[in-house]
Amino acid sequence: MVYNSAAELCEGFGYPPVHVKLTIEIIDKRFGPVKAEAEIAIKPVKAKGYLEVLVEELESEHIFADENGSIYGSFGIDQSIQIYDEVLTTIPFEEIMGNENWKETVEESITADRLKEQLGKSLNDYQFSDLSGKYKFRKRCTITELQFID
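Residues numbered from 1 in each chain as written. Predicted model: local features only at pLDDT ≥ 70, side-chain atom pairs only at ≥ 80, totals over all residues. Heavy atoms only, no water.

Asker: Help me understand the pairing of strand S2 (residues 34–45) in this model?
Answerer: Side-chain positions along a regular strand alternate between the two faces of the sheet. For strand S1 (residues 18–26) and S2, the ladder comprises 7 bridges, and the chain directions are antiparallel. Among the inter-strand pairings, Thr23 is bridged to a residue of S2, identified as Lys35. Sheet analysis places S2 next to strand S3 (residues 50–60), joined by 10 bridges and oriented antiparallel. By the bridge assignment, Ile40 is partnered in S3 with Val55. Between the end of S2 and the start of S3, which pair antiparallel, lie 4 residues, with Gly49 showing a positive phi angle near 75 degrees. (Pairing = 2+ DSSP bridges. Helix = DSSP H or I, 4+ residues; strand = E, 2+ residues; numbered from the N terminus.)

Written out as structure tokens, the structure reads:
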């Protein structure tokens, strides 16, 4: 199907969500690899004139580490990583409208390499809380493995 207008695109657009499994390496000696699953959706935003490629939900397994008692030590962590409704990238309507191969355009933005890069940025911006909930901090993260789930 070819979309010829923004209205047609917003009313009739349908692309199934993409599900992925991740292995995340958090740069902290207290942790081994962390497993997570994510659902990536592609949705039109008529007011902005683009498709959003967004993380509808990303949730990791539970992560726990005690505080390291020294003043230079690490904060404790007792939580899972949870990211919801975060936009990874956008695709302008102009690239979709009138394009018979619009699915290829969408699929280029959700390749394993692109998702690793974009989800990696989201994970590095993620704010953990210490055990008291008083302090927020970030941890360097890399995605070492990404698999698509059918």
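Picking up after the structure, the text goes on.
Asker: Sorry if this is basic, but what is going on with the pairing of S3 here?
Answerer: Bridge analysis of S3 against strand S6 (residues 82–92) gives 9 bridges, and the strand direction is antiparallel. Paired with Val55 across the bridge in S6 is Glu86.

Asker: Looking at this structure, I do not really get the packing of aromatic side chains. What am I missing?
Answerer: The geometry of two aromatic rings is summed up by the distance between their centres and the angle between their planes. One pass over the full model with this rule turns up 7 aromatic pairs. With 6.0 Å between their ring centres and 20 degrees between their planes, Phe128 and Phe137 make a pair best called stacked. In this pair, the class of Phe128 matches that of Phe137, namely buried. An aromatic cluster is present here, built from Phe75, Tyr126, Phe128, Tyr135 and Phe137 joined pairwise through their rings. (Phe/Tyr/Trp six-rings, centres within 6.5 Å; stacked < 30°, edge-to-face > 60°. Buried < 20%, exposed > 50% of the residue type's maximum accessible area, 1.4 Å probe, protein only.)

Asker: Help me understand helix H3 (residues 112–125), please; the structure alone is not making it clear to me.
Answerer: Since there are 3.6 residues in each turn of an α-helix, residues three or four apart along the chain are aligned in direction. Taking 1.5 Å of rise per residue, 14 residues should cover 20 Å, and H3 covers 20 Å from first to last C-alpha, within 8% of that figure. Every buried residue of H3 is accounted for by Leu115, Gln118, Leu119, Gly120, Ser122, Leu123 and Asn124. If you follow the buried residues of H3, they end up packed against S1, S2, S3, S6 and strand S9 (141–149). (Expected span 1.5 Å × (residues − 1). Contact = heavy atoms within 4.5 Å.)

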